[in-house]
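# Report on the structure
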Amino acid sequence: MARRSKQSLSLRLLLFTFCIVGVAAYTWCAAKTYRAQRYADRSDQFSIEKAVALAPRNAAYRELLCRSMIFGSQKPDRAVYECKKASELNPYSSLIWLDLAQAYYAVGNGQLNEAAIHKALVVDPTTPDTAWSAANFFLIQGNTLEALEQFAIVLREDPSLAPAALNICWQSLHDANRIQNILPPNPEVYLAFIKLLLSTGELDTAHEIWSGLMQLKTAPDYHQSLFYVDRLLQAHDVAYASDAWKQLSSRSKALQVYAQPDNLIMDGSFSQEILNSGFDWRYAPKPHMAVTLDRGEFHSGNRSLRLVYSESDGDAGIFQYIAVQPDTRYRLSAWVRSEDLETANGPMLSVLDGYRGEIYGSTEETIGTTPWHRVEAELQTGSDTKLMILAVLRHPGETRIQGKFWVDDVKLEPL
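Anyway, here's the lowdown on the structure attached to this text. What you are looking at is a predicted structure, and each value in this text was computed from that prediction instead of being measured. (Residues numbered from 1 in each chain as written. Predicted model: local features only at pLDDT ≥ 70, side-chain atom pairs only at ≥ 80, totals over all residues. Heavy atoms only, no water.)

## Focus: the overall build of the chain
- For the chain, the count of helices and strands is 15 helices and 10 strands.
- Looking at the chain residue by residue over its 415 residues, the buried ones come to 46%.
- Across the chain, contacts joining residues at least 24 apart in sequence account for 65% of those joining residues at least 6 apart.
- When the accessible surface of the chain is totalled, it reaches about 21,000 Å², and 53% of it is carbon and sulfur. (Helix = DSSP H or I, 4+ residues; strand = E, 2+ residues; numbered from the N terminus. Buried < 20%, exposed > 50% of the residue type's maximum accessible area, 1.4 Å probe, protein only. Contact = heavy atoms within 4.5 Å. Areas by Shrake-Rupley, 256 points an atom, 1.4 Å probe, with all protein chains shown as cover.)

## With respect to the pattern of salt bridges
- For the structure on display, the rule yields 14 salt bridges.
- Lys286 is the salt-bridge partner of Asp315, the closest N and O atoms lying 4.0 Å from each other. Linking Asp315 in strand S4 (residues 315-323) with Lys286 in the loop between strand S1 (281-283) and strand S2 (289-294), this pair joins segments that are 29 residues apart in sequence.
- Relative accessible area serves as the criterion here: at 28%, Asp315 is assigned to the partly exposed category.
- The exposure class assigned to Lys286 is partly exposed, which follows from its relative accessible area of 28%.
- Here Arg374 ties to Glu376 by a salt bridge, and the two come within 2.2 Å at their closest N and O atoms.
- Three or more residues are tied together by salt bridges with common partners; here these are Arg329, Arg331, Glu378, Lys411 and Glu413. (Salt bridge = Lys/Arg side-chain N within 4 Å of Asp/Glu carboxyl O.)

## What about the environment of Ile182?
- As for its position among the elements, Ile182 is in the loop between helix H10 (176-180) and helix H11 (187-199).
- Between the alpha carbons of Ile182 and Leu155 there is a distance of 8.1 Å; along the sequence they are 27 residues apart.
- The contacts of Ile182, once residues within four sequence positions are left out, are Leu148, Phe151, Ala152, Leu155 and Cys169.

## What to know about the sheet that holds strand S5 (residues 329-343)
- With antiparallel pairing, five strands are arranged side by side in an open sheet as S2-S3-S10-S5-S8. The two strands at the open ends of the sheet, each matched to only one other strand, are S2 and strand S8 (368-380). Neighbour to neighbour, the strand axes of the sheet diverge by 25° on average, direction disregarded.
- Relative to S8, S5 runs antiparallel, the two sharing 10 bridges. Across the sheet, the residue bridging to Tyr330 is Leu379, located in S8. (Pairing = 2+ DSSP bridges. Axes fitted to C-alpha atoms, helices over the stretch in contact; angles between N-to-C directions.)

## So, the nonpolar core
- Counting 56 residues, the largest nonpolar core has Leu166, Phe193, Trp210 and Phe279 as the members making the most contacts within it.
- Per-element accounting of this core gives the leading share, nine residues, to H11.
- Setting aside residues up to four positions removed in sequence, Phe279 forms contacts with Val229, Leu233, Ala241, Ser242, Trp245, Met266, Gln320, Tyr321, Ile322, Ala323 and Leu387. (Core = buried A, V, L, I, M, F, W, Y, C linked by side-chain atoms within 4.5 Å.)

## Describing the sheet that holds strand S6 (residues 348-353)
- Read from one edge of the open sheet, five strands run S1-S4-S9-S6-S7, paired in antiparallel fashion. Of all strands in the sheet, those bounded by a partner on one side alone are S1 and strand S7 (359-362). Across the sheet, the mean angle from the axis of one strand to that of its neighbour is 25°, orientation sign disregarded.
- Pairing analysis gives three bridges linking S6 to S7, with the strands arranged antiparallel. What sits directly across from Leu352, in S7, is Ile359.

## Some thoughts on the pairing of strand S9 (residues 387-393)
- Burial runs high along S9: seven of the seven residues are buried.
- Burial along S9 is two-sided: the residues Leu387, Ile389, Ala391 and Leu393 and Met388, Leu390 and Val392 are all buried.
- Here S4 pairs with S9 via six bridges, running antiparallel. By the bridge assignment for S9, Gln320 is matched with Leu390.
- In the sheet, S6 pairs with S9 via six bridges, with the strands oriented antiparallel.

Purely geometric numbers; function is a separate question.
Structure follows, in structure tokens:
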């Protein structure tokens, strides 16, 4: 019994010793790991080197050191060594392979640079960040074919990067056909390319990309697309602007309701959202003017436009562009009412040339308190008139005015 007791005690002592050694070893490793991480967090090269010395098999620390030597101390030869070590320790990190590619590029080794890029793509073939870096590497090498393939992945996987990616492609290639070939069937990406082309004055090319956009199965959001119509109006390209508006309307039931039969005015009853763009109503706030849509007072439908005047102002700030034909007579009509409208010169609806500002015609002015009544005017466009503006104006506008004015059921029709 005494012998068995001594053996049991010896075993317990041995087990206790192993536990003490294990805890000590774990504590030592944990402390070493903690110190290495603290050094790595400092981000300076000296500290990262200490982290690598404490944890030489940590690929992340090797990568940090490689990057520091590329961009910090500019020691590309040592950077290659550290990145190679990192890639051996963790061959499944695309970021490590891209850093190795950068290191090879820094030492002028184009062949190994390209090999490292392809390694990154094998590891991570669809992530936009990897594709973005690879595309830029290929562009630097003059390999535009592979660069475009990677930018195609970027555009497909993360459309929010489209403006920046397309700008790089355009600046590098200046070839709309090649760039269009990598566009995914995503209206957001097409619109980003159209914006880029318009910003560089490439209107004809923008028209081609717009045609491609209109052929996609997925209809674009008309809210996001109306900048194209606005840009064409600024360029005096009224025909293209009108066609673009019609194309958007044909693909959007929400936009179709703005048009009314036998009426060139969009949403003449003010029943829809004011788009402040395209051929719909636009509003530019004016001092001493309050312009709102009134649901409690209307001639027909469910609301009207209400203007509240409190000072002198000739322009109410509400207007609409209208595509018209030259040498054509039109009739403008609307229903209006007023309340306590005190002024020597009341508001009226006026039609002006869209580019020269010449007034073609105005309805009679409204003063005082009046019930709903119809106002109208006939006008003749000029030989080169393509665009008109309908606005609520006063002539002259310098006189003082105070009171309320409502407008509803605005209509413009050719005679």
